Amino acid sequence: MKLITAILRPHKLDQVRAALDAIGVRGITATEVKGFGRQKGHTELYRGAEYVVDFLPKIKLEAAVDDALVAPAIEAIETAARTGKIGDGKIFVYDLQQVIRIRTGESGNEAL
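Just so we're clear, the structure is a prediction, and the values are computed from it rather than from any experiment.

Caption draft 1: Fine view of the overall build of the protein. Within the protein one finds 2 helices and 6 strands. In the protein, the succession of α and β elements from N to C terminus is β-α-β-β-β-β-α-β. In summary, the protein has a C-alpha radius of gyration of 17 Å against a globular reference of 13 Å for 112 residues, an excess of more than 25%. Its C-alpha atoms give the protein principal-axis dimensions of about 60 × 25 × 20 Å. Expressed as a percentage of the 112 residues in the protein, the buried residues total 28%. In the protein, of all internal contacts separated by at least 6 residues, the share reaching a separation of at least 24 is 73%. Surface accessibility of the protein: about 7,700 Å² in total, with carbon and sulfur atoms responsible for 51%.

Structure, rendered in structure tokens:
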């Protein structure tokens, strides 16, 4: 089992969610976060004053998946989230030692 964490543009969340649902990934968690990568933010003009926006709004998406779904899930996220411009985000994949469903006590793949 793996935990896939993706940092995305906020307007791409619905497309990524639909793409993951289409391949059988049922449970995801989305969190509104702020951050920056290589682009280091940007400058904006507001009422004649220029100011720097260091932290850009992003979505942190997390999904625990079976090993067989890791490659299709990564491909689905990449395809749905890509705009081709700087700031599209990143995908991180972590090993999961154990997953337990609290309500039933199921563990492992059954808990996913």
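Caption draft 2: Main features of the nonpolar core. Ranked by internal contacts, the top residues of the largest apolar core, which has 17 residues, are L8, V16, L20, V25, L61, V65 and I77. Those elements that place two or more of their residues in this core are β1 (2-8), α1 (13-22), β5 (56-65) and α2 (70-81). Looking at this core element by element, the count peaks at 6 residues for α2.

Caption draft 3: Structural detail: α1. Residues L13, V16 and L20 constitute the buried set of α1. One side of α1 carries all its buried residues, which in axial view fall inside an arc of 70°. For α1, exposure combined with an orientation more than 90 degrees from the buried face picks out D14 and A22. Lining the buried residues of α1 we find β1, β2 (29-35), β5 and α2. Taken from the residues just after α1, G24 is the one with a positive phi, measuring 105°.

Caption draft 4: Spatial organisation of the pairing of β1. Relative to β5, β1 runs antiparallel, the two sharing 7 bridges. Within β5, the residue paired with L3 across the bridge is A64. Both β1 and strand β6 (residues 90-95) contribute to a ladder of 6 bridges, which runs antiparallel. Counterpart to A6 in the pairing with β6 is I91.

Caption draft 5: Looking closely at the packing of aromatic side chains. On inspection of all chains with the given rule, the structure shows 1 aromatic pair. Aromatic side chains F36 and F55 sit 5.4 Å apart centroid to centroid with 65° between the ring planes, which places their arrangement in the edge-to-face category. Linking F36 in the loop between β2 and β3 (42-46) with F55 in the loop between β4 (49-53) and β5, this pair joins segments that are 19 residues apart in sequence. The partly exposed category is assigned to F55, whose relative accessible area is 48%.

Caption draft 6: Main features of the pattern of salt bridges. Within this structure, the stated rule accounts for 5 salt bridges. Among the salt bridges present, the one from D95 reaches K2, with a minimum N-O distance of 2.3 Å. Placement of D95 in strand β6 and of K2 in strand β1 is noted, with a sequence separation of 93 residues between them. By relative accessible area, which is 59% here, D95 ends up exposed. Close ionic contact of E78 with R82 constitutes a salt bridge, the shortest N to O distance being 4.0 Å. According to the relative accessible area criterion, E78 is partly exposed, its value standing at 39%.

Cut-offs applied
- Residue positions within a chain follow its written sequence, with the count starting from 1.
- This being a predicted model, a pLDDT of at least 70 is required before a residue's local features are given, and a value of 80 or more before pairs of side-chain atoms are given or counted; all residues contribute to the totals for chains, interfaces and linings.
- Water and hydrogen atoms were dropped before computing side-chain values, which therefore reflect all heavy atoms in the structure.
- Helix and strand assignments come from DSSP, with helices taken as H or I runs of at least 4 residues and strands as E runs of at least 2, each series counted from the N terminus.
- Throughout, the radius of gyration refers to the C-alpha atoms, and the reference size of a globule is 2.2 Å times the residue count to the power 0.38.
- Classification of residues uses two cut-offs on accessible area relative to the type maximum, computed with a 1.4 Å probe and protein chains only: under 20% is buried, over 50% is exposed, and between them is partly exposed.
- The contact definition used throughout considers only heavy atoms, calling two residues in contact when any of these lie within 4.5 Å.
- In this description, accessible areas are obtained by the Shrake-Rupley approach with a 1.4 Å probe, and a residue is regarded as covered only by the protein chains that are shown.
- Put simply, buried Ala, Val, Leu, Ile, Met, Phe, Trp, Tyr and Cys residues joined by side-chain atoms within 4.5 Å make one nonpolar core.
- Directions pointing from the helix axis toward each C-beta atom define the arc.
- Two strands form a pair only when DSSP identifies at least two bridges running between them.
- Pairing of aromatic side chains requires ring centres within 6.5 Å, counting the rings of Phe and Tyr and the six-membered ring of Trp. Pairs whose planes differ by under 30 degrees are stacked, by over 60 edge-to-face, and all others tilted.
- Each salt bridge in this description consists of a side-chain nitrogen of Lys or Arg and a carboxyl oxygen of Asp or Glu lying within 4 Å of one another.

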